[in-house]
Amino acid sequence: MRIILRILSYLKNHKLRVFFAYFSLAGSTISFMAMPRLLGESVDSVLDQGSTSFLIWAGLAILGAAVFRGIFSFFDTYMRETLGQRVAYDIRNVMFNHLQGMSFAYHDKQQTGQLMARATADVENIRMFIGMGVLRMSYLFFMTASVLALLLTLDWKLALMSLAFIPFIVGRSFVIGGQLRKIWTRAQERTGELGIALQESLSGIRVVKAFSRQEHENANFSSKAGELAKENLASVRVMATNTPMMAFLFTASTALVLWFGGQQIIDGSFTAGELTQFLLYLAMLQMPIRMLGFMINLISRGTVSGQRIFEILDAVSPVRERPDAIPLDGIQGHVVMDHVSFGYDGASPVLRDVSIEAKPGEVVALLGATGSGKTTIVNLLPRFYDVTEGSVLLDGIDVRTATLESLRNKVGIVQQDVFLFSASIRDNIAYGAHNASDEDVIEAAKAAQLHNFILDLPEGYDTWVGERGVTLSGGQKQRLAIARTLLLDPAVLILDDSTSSVDTRTEHLIRQALESLIQGRTTFVIAQRLSTAKNADQILVLKDGEIIQRGKHEELLAEGGLYSEIYELQLRPQEEAGEAVTARDEASS
């Protein structure tokens, strides 16, 4: 009931529609229930008086009731569907906005396919629950209560006799409801798993084809689809066993009414018209009783889906903006990490007692093996995660006291995994600064050494980028991501492995363009190239989440240790390769 009431709370924003829905429902029900009464009166009038004149008026009255019922039914159906769609719209938007506000720590633990299933299939189940379940259930309840009252008015003994099976049906319905809830919980989980299999297979289609794993993916998808079909068939089987039982009970009750009602007509205590009314009302009662199983199915699905959606809406982001958060303005870019420790799960620390000071305009290079904590450090600056211990200060202001929007406008980051949207090149560059002019976009592209490449494209800046930037090379995507970040003109710039996907010549061009832009801007670079390390104001060498060396290139080479090992194994070979490329270019020219 808690979940159902919470779903129903979304109807508060649509009170007028709810009123008209119930008004139409009542009008449709009253019009429908007037027909048996008119038919019964017509039968008695003909049999008692032998006159057919009343039939004309009764026929017109029945026709009028049918017309009114048709009109009310139209508005009833339309308003029910409208309410269902409105509630689904509201829930989808609330859910999407909530997911957008969740931090990296939340999304690290979630599966995209499961989230997509909840935003689509589960919300659709709630739409059906509102339109076909809640409002339709009210209609069936109103009709059932009205019909029962009329049957008891016509003949209470006959009514009790014919309705003796209802307690059994209600009890049976509760049992079925419990079975269906379990089945639909498993079914919705299987839907999410199917979405995961589909999303991963299509997103990684190039890997699938490169390794000739089509048959494996087909088998995996077929297995997930089979499990989902199995659960759906289980729900159908439960429903199918209930339908014949309902039909038999109603047939038996109709037979009893005909037998005992016929006896009462012979005895003169019941008229033919009253028996006609009784049978027609009893037939009306079959519809809500028979639909009880269907309603329970909808309620079970809606409850399960509501629970899955509210699990998302109730999740609290580990990174939250304080009510008294202040907007950052006039930031110079003085970054201080004061004895910072951090762990993703709160148990295994990734950073241990890290202290860094980067003055405005300085370039800080981070080096270390994979998993040493380089990316984690730069993710703490824009508060993608919150520190476990210590503090991160920007111009002396703890980033936890600043509004997230203003903080992330001051800290620009080119992430290691470049993501581009299915839009034009212009839209992707201007994604973070949607009010930027075409001139601003072009300047950012020039700075990232991307302008000439774009001009060579048939549609220039209007060229459509495929899903995740699939139509661009790794280096082109990297430069586009740099242009997108530079357009924000942030006080602090983070380049997370930003030249790892480009060749030496392209990197040289990018570095040339960035030299003037880095001036006056605090820059953190996860260094993979020698040029980055040599030109940095300070180099931080990390190992197992700790800074074990810091200084400039020459100082660290003289000091030896891990930096010397990285230089000999990685940086110096790059330098020699770069010199070879330069010599070859000079020779060819």
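Up top is the structure these notes are about.
How each quantity is defined
- Along each chain, residue indices are assigned from 1 in the same order as the chain's sequence is written.
- This being a predicted model, a pLDDT of at least 70 is required before a residue's local features are given, and a value of 80 or more before pairs of side-chain atoms are given or counted; all residues contribute to the totals for chains, interfaces and linings.
- Here the side-chain values reflect all heavy atoms present in the structure, with hydrogen atoms and water set aside.
- Only DSSP runs of H or I with at least four residues qualify as helices, and only runs of E with at least two residues qualify as strands; both kinds are numbered from the N terminus onward.
- Exposure classes here rest on a 1.4 Å probe applied to the protein chains alone. A residue is buried below 20% of its type maximum, exposed above 50%, and partly exposed in between.
- Contact definition: two residues touch when any of their heavy atoms are within 4.5 Å.
- Note on areas: these come from Shrake-Rupley sampling with a 1.4 Å probe, and a residue is covered only by the protein chains present in the view.
- When DSSP finds two or more bridges between a pair of strands, those strands are recorded as paired.
- What counts as an axis is a line fitted to C-alpha atoms, over the stretch in contact for a helix, and the angles between N-to-C directions run from 0 to 180 degrees.
- The reported arc concerns the directions from the helix axis to the C-beta atoms and nothing else.
- Any two rings among Phe, Tyr and Trp, with Trp reduced to its six-membered ring, count as a pair given centres within 6.5 Å; such a pair is stacked if its planes are under 30 degrees apart, edge-to-face if over 60, and tilted if neither.
- Geometrically, a charge over a ring is one whose NZ (Lys) or CZ (Arg) sits within 6 Å of the ring centre while staying within 35 degrees of the ring normal.
- What counts as a salt bridge is simple: a side-chain nitrogen of Lys or Arg found within 4 Å of a carboxyl oxygen of Asp or Glu.
- How far a helix is expected to stretch is found by multiplying one less than its residue total by 1.5 Å.
- Fitting axes to the seven residues ending at a residue and to the seven starting there, one defines the bend at that residue as the angle between these axes.
- Without a salt bridge and with relative accessible area above 30%, a residue can belong to a patch; like charges are then joined within 9 Å and nonpolar side chains (Val, Leu, Ile, Met, Phe, Trp, Tyr) within 5 Å.
- Residue types Ala, Val, Leu, Ile, Met, Phe, Trp, Tyr and Cys, when buried and joined through side-chain atoms within 4.5 Å, form a set referred to as a nonpolar core.
- The definition of a polar contact used here is a pair of N or O atoms within 3.5 Å, where within protein one atom must be able to donate a hydrogen and the other to accept one, and adjacent residues in sequence count solely through side-chain atom pairs.
- Here Asp and Glu are counted as negative and Lys and Arg as positive; His is not counted, and neither are the chain ends.
- Charge positions come from single atoms, namely NZ of Lys, CZ of Arg, CG of Asp or CD of Glu.

### Notes on the overall build of the protein chain
So, point 1. Across its full length, the protein chain holds 20 helices and 10 strands.
So, point 2. In the protein chain, buried positions account for 46% of the 589 residues.
So, point 3. Residue pairs at least 24 apart in sequence account for 78% of intrachain contacts in the protein chain once pairs closer than 6 positions are excluded.
So, point 4. For the protein chain, the accessible surface area stands at approximately 29,900 Å², while carbon and sulfur atoms represent 58% of it.

### Considering the sheet that holds strand E6 (residues 411-414)
So, point 1. With mixed pairing, the six strands of this open sheet are ordered in space as E6-E7-E8-E3-E9-E10. With partners counted over all chains shown, the strands left at the sheet margins are E6 and strand E10 (546-551), one partner each. Put simply, the sheet's adjacent strands are angled 20° from each other on average, direction ignored.
So, point 2. One ladder, built from five bridges, connects strand E9 (residues 538-543) with E10; its direction is antiparallel. Looking across to E10, one finds that Val 541 is bridged to Gln 549.
So, point 3. Sitting on the sheet, helix H16 (residues 474-486) is in contact with E6 and strand E7 (492-495), with an inclination near 175° to E6.

### Some details on helix H14 (residues 438-447)
So, point 1. By the burial criterion, the buried members of H14 are Val 441, Ala 444, Ala 445 and Ala 447. In an axial view of H14, the angular spread of the buried residues amounts to 160°, which keeps them on one side of the axis.

### As for the environment of Leu 495
So, point 1. Following the sequence through the fold, Leu 495 ends up in strand E7.
So, point 2. Between the C-alpha atom of Leu 495 and that of Ala 527, which follows or precedes it by 32 residues, the distance is 8.6 Å.

### What to know about the sheet that holds strand E4 (residues 389-394)
So, point 1. Judged by pairing direction, the sheet is antiparallel, and its four strands sit side by side in the order E2-E1-E4-E5 without closing on themselves. Of all strands in the sheet, those bounded by a partner on one side alone are strand E2 (351-358) and strand E5 (397-398).
So, point 2. Pairing of strand E1 (residues 335-342) with E4, which is carried by five bridges, proceeds in the antiparallel orientation. Looking across to E4, one finds that Asp 338 is bridged to Ser 391.

### Examining the packing of aromatic side chains
So, point 1. For the coordinates displayed, the defined rule picks out nine aromatic pairs.
So, point 2. Between the aromatic rings of Phe 74 and Tyr 78, the centroid separation amounts to 6.3 Å while the plane-to-plane angle is 15°, which identifies the pairing as stacked. Taken together, the residues span about one helical turn, with Phe 74 and Tyr 78 both in helix H3 (residues 53-101) at a distance of four residues. Of the two residues examined, Phe 74 and Tyr 78, each falls in the exposed class.
So, point 3. Relative to Tyr 344, the ring of Phe 342 lies with its centre 4.8 Å away and its plane at 85°, an arrangement referred to as edge-to-face.
So, point 4. With relative accessibility at 4%, the residue Phe 342 sits in the buried group.
So, point 5. We classify Tyr 344 as partly exposed; its relative accessible area is 39%.
So, point 6. In this structure, Arg 6 is placed above the aromatic ring of Phe 310, and the distance from its NZ or CZ to the ring centre is 4.1 Å.
So, point 7. One Lys or Arg, Arg 69, reaches over the ring of Phe 32 and ends 3.9 Å from the middle of that ring.

### Focus on the pattern of salt bridges
So, point 1. Counted by the stated rule, this structure contains 14 salt bridges.
So, point 2. Note that Arg 308 is salt-bridged to Asp 122, the shortest N-O span being 2.7 Å. Separated by 186 residues along the polypeptide, Arg 308 in helix H10 (residues 272-313) and Asp 122 in helix H5 (residues 112-154) bring together distant segments of the chain. Each member of the pair, Arg 308 together with Asp 122, is buried.
So, point 3. A salt bridge links Arg 383 to Asp 386; the shortest N-O distance between them is 2.7 Å. An identical accessibility class is assigned to Arg 383 and Asp 386; each is buried.

### Looking at H5
So, point 1. If you check H5, its first and last C-alpha atoms are 60 Å apart, about what 43 residues at 1.5 Å a residue would give, namely 63 Å.
So, point 2. The largest bend in H5 amounts to roughly 35° and is located at Phe 129.

### Structural notes on a nonpolar patch on the surface
So, point 1. Residues Ile 56, Trp 57, Leu 60, Leu 63, Val 67, Ile 71, Phe 74, Phe 75 and Tyr 78 make up a contiguous nonpolar surface patch of about 1,000 Å² in total accessible area.
So, point 2. Tracing the sequence through the fold places Ile 71 in helix H3.

### A look at the nonpolar core
So, point 1. Ranked by internal contacts, the top residues of the largest apolar core, which has 44 residues, are Val 147, Leu 151, Ile 169, Leu 180, Phe 278 and Leu 285.
So, point 2. Of the residues forming this core, the biggest block, 13 residues, is contributed by H10.
So, point 3. Aside from chain neighbours lying at most four places away, what touches Leu 180 is Ser 235, Val 238, Met 239, Ile 296, Asn 297 and Ser 300.
So, point 4. Ranked by size, the runner-up nonpolar core spans 39 residues in total, among them Ile 454, Leu 457, Val 465 and Leu 487.

### As for the environment of Ala 61
So, point 1. With respect to the helices and strands, Ala 61 occurs in helix H3.
So, point 2. The spatial distance from the C-alpha of Ala 61 to the C-alpha of Ala 34 is 9.1 Å, given a sequence separation of 27 residues.

### Regarding the environment of Ser 31
So, point 1. With respect to the helices and strands, Ser 31 occurs in helix H2 (residues 15-49).
So, point 2. With 31 residues separating them in the primary sequence, Ser 31 and Ile 62 have C-alpha atoms 9.0 Å apart.
So, point 3. With residues up to four places along the chain from it excluded, the contact list for Ser 31 reads Ala 65, Phe 68, Arg 69 and Phe 72.
So, point 4. Polar contacts involving the side chain of Ser 31 include one to the main-chain carbonyl oxygen of Gly 27, which spans 2.8 Å.

### Some points on a negative patch on the surface
So, point 1. Side chains of Asp 338, Asp 353, Glu 389, Asp 544 and Glu 546 sit close together on the surface and give a patch of like negative charge.
So, point 2. Tracing the backbone through its elements, the reader meets Glu 546 in strand E10.
So, point 3. Classification of Glu 546 as partly exposed rests on a relative accessible area of 37%.

### Considerations on the side chain of Thr 522
So, point 1. With respect to the helices and strands, Thr 522 occurs in strand E8 (residues 522-526).
So, point 2. Those residues in contact with Thr 522 that sit more than four places away from it in its chain are Gln 332, Gly 333, His 334, Val 335, Ala 358, Lys 359, Pro 360, Gly 361, Glu 362, Ala 491, Val 492 and Leu 493.

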